[in-house]
Each structure stands twice: as structure tokens, then as C-alpha cells.
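Here is what each chain is made of, one letter per residue.
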Amino acid sequence: MREHYEWQILAKYYTRDHFYDFLDFFKDIPREAAVINFGCGRGECLNEFPEGIGVDFNRNLIPLWIELGVREKCFAFEAHRVPWKDNRFEWSISTDFLEHVQPDSIEPTLEAMFRLAPHGKHVIHLLKQSGFRGPKGENLHVSALNTLAWAKYFQDRASTFKQRGGYLFISW
């Protein structure tokens, strides 16, 4: 129970603030679009997209999804293991997600994102060092890469690749 509570505290801060901080980046996605949100955390941004669903690897969030009334739209999967068919969604989105993916899972995760939706908009937090810690002191930013390292993953796909402050904004 304590572990769930600690993850709830992190989720209350982390996901809510960041999605709405970047709302201007997502404003051109039609509200009625079928959206998949990778690293959905609390799932609150799905309120912006009635046809949207969320995926998060953290099963500890399930009680919070129930409490917030978004459980039917949120699923606990590792991003590269999602079960949906190709092009099932119109858009894939994420904020502060890819830096949490294990380095050996980045390519399969991106392939899932590209496979599931023809359009994508993703915000990546650029970190000089990985200092964000979980409830047990674990490193949560396991893929702290610089701009050039992220660019290699998107070189053939990105239509927009911009850095603003400590964040990368990528569209395809």
C-alpha cells in the first residue's frame, strides 16, 4: 500500500503538470482524434481526447486510474508490447516518457509508436544527468540522452525536431 501511495504522489505531480505545460504543442491534434498516450501516468490528458487511450508500464497506477474514473481508457503495458493493430490510432503522443524507457527498449518502443499511428507528437526531457528518483531511490530517467543521441532515433521520421529549453519537441 505504501508503494502505491508513493507512486500516487509522483503521478500527481509529474504527469498532470507536464502535459498541460505543453498543451500548445498538442493544440493542432483534433479533439475527436483517436490518440494513444504513451506514459499516460494519471491519464488526465485523455480527458482532452475522448477517443484516446493511455499506456503506462506502472501497474501501481491502476488504483489511481480507478479513483480518477479513467481505468477503462488506461492500460498497464510496456510500450513496446502493446497489443493493438498497425495504424489503429491517428496520433501517438507522450510527454516526459521516452527518457524513462530502458535503453535496450527505446528502438522497439519507437517502432510501436510509429506502427500504431501515422502521426506523432512527443516531448522528451533532455537531462545532463539522471537525477529523478522513484519512491525507493531508483533511477527513473534511465535513458538520459542528449539532442544528437535522440536525433539518430528520429532521423528518418521526424518532420519537426526542435529543442526549447531542456526539452525536445518531435513531430512526424
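Here is what the cut-offs are and how they apply
- Residues numbered from 1 in each chain as written.
- Predicted model: local features only at pLDDT ≥ 70, side-chain atom pairs only at ≥ 80, totals over all residues.
- Heavy atoms only, no water.
- Pairing = 2+ DSSP bridges.
- Helix = DSSP H or I, 4+ residues; strand = E, 2+ residues; numbered from the N terminus.
- Axes fitted to C-alpha atoms, helices over the stretch in contact; angles between N-to-C directions.
- pLDDT = per-residue confidence, 0-100.
- Contact = heavy atoms within 4.5 Å.
- Buried < 20%, exposed > 50% of the residue type's maximum accessible area, 1.4 Å probe, protein only.
- Disulfide = S-S within 2.5 Å.
- Phe/Tyr/Trp six-rings, centres within 6.5 Å; stacked < 30°, edge-to-face > 60°.
- Salt bridge = Lys/Arg side-chain N within 4 Å of Asp/Glu carboxyl O.

Regarding the sheet that holds strand β1 (residues 35-38)
Strands sit in the order β3-β2-β1-β4-β5-β7-β6 across an open sheet of 7 strands; the sheet is mixed. Lying at the two open borders of the sheet, with one neighbouring strand each, are β3 (74-76) and β6 (160-164). Looking at each pair of strands side by side, their axes are set apart by 15° on average, direction ignored. Sheet topology places strand β2 (residues 53-56) next to β3; 3 bridges connect them, and they run parallel. Bridge pairing in β3 places Gly54 opposite Cys74.

Concerning the confidence of the model for the chain
Per-chain confidence: the chain averages 81 in pLDDT, with 84% of residues scoring 70 or above. Looking over the chain, one finds the lowest element-wise mean pLDDT in helix α1 (residues 2-21), namely 52, and the highest in β3, namely 96. In the predicted structure, residues 1-7 sits below a pLDDT of 50 and forms 11 contacts with residues beyond four places in sequence or in another chain. Between residues 13-17, whose pLDDT stays under 50, and residues either more than four places distant or in other chains, the model counts 12 contacts.

So, the environment of Asn146
Its location among the elements puts Asn146 in the loop between β5 (119-125) and α5 (147-154). Residue classification places Asn146 among the partly exposed residues on the basis of a relative accessible area of 49%. When the C-alpha atoms of Asn146 and His125 are compared, they prove to be 9.5 Å apart, with 21 residues separating the residues in sequence.

Quick word on the pairing of strand β7 (residues 167-171)
β7 sits mainly inside the fold: 5 of its 5 residues count as buried. In β7, alternate side chains face the same way, and those of Tyr167, Phe169 and Ser171 on one face and Leu168 and Ile170 on the other are all buried. Looking at chain direction, β6 and β7 are connected through 5 bridges and run antiparallel. Residue pairing for β7: Lys162 is matched across the bridge by Phe169. Between β6 and β7, which follow one another and run antiparallel, lie 2 residues, and Gly165 among them has a positive phi close to 60°.

Side note on the state of the cysteines
The full count for this structure, using the stated rule, is 0 disulfides. In this model Cys40 remains outside any disulfide bridge; the closest cysteine sulfur is found in Cys74, 4.0 Å from its own. Relative accessible area serves as the criterion here: at 1%, Cys40 is assigned to the buried category. A disulfide-free cysteine, Cys45 has its sulfur positioned 7.4 Å from the sulfur of Cys40, the nearest such atom.

As for the packing of aromatic side chains
Applying the stated rule across the entire model yields 13 aromatic pairs. The interplanar angle of 70° and the centroid separation of 5.1 Å between the aromatic rings of Phe25 and Phe169 together place this pair among those described as edge-to-face. Of the two residues, Phe25 is situated in helix α2 (residues 23-26) and Phe169 in strand β7; the sequence distance between them amounts to 144 residues. With a centroid separation of 5.8 Å and 50° between ring planes, the pair formed by Trp150 and Tyr153 is classed as tilted. Highlighted residues: Trp150 and Tyr153, both in helix α5, separated by 3 residues, approximately one helical turn. Within the aromatic cluster, the residues linked to one another by ring pairs are Phe22, Phe25, Phe26, Tyr167 and Phe169.

Observations concerning the pattern of salt bridges
Throughout the structure, instances matching the rule amount to 6 salt bridges. The partner of Arg81 in a salt bridge is Glu78, and the shortest N-O contact between them spans 3.4 Å. Classification of Glu78 by relative accessible area gives partly exposed; the value is 39%. For Glu111, the salt bridge identified is with Arg157, shortest N-O distance 3.7 Å. With Glu111 in helix α4 (residues 106-116) and Arg157 in the loop between α5 and β6, this residue pair connects regions lying 46 residues apart in the sequence.

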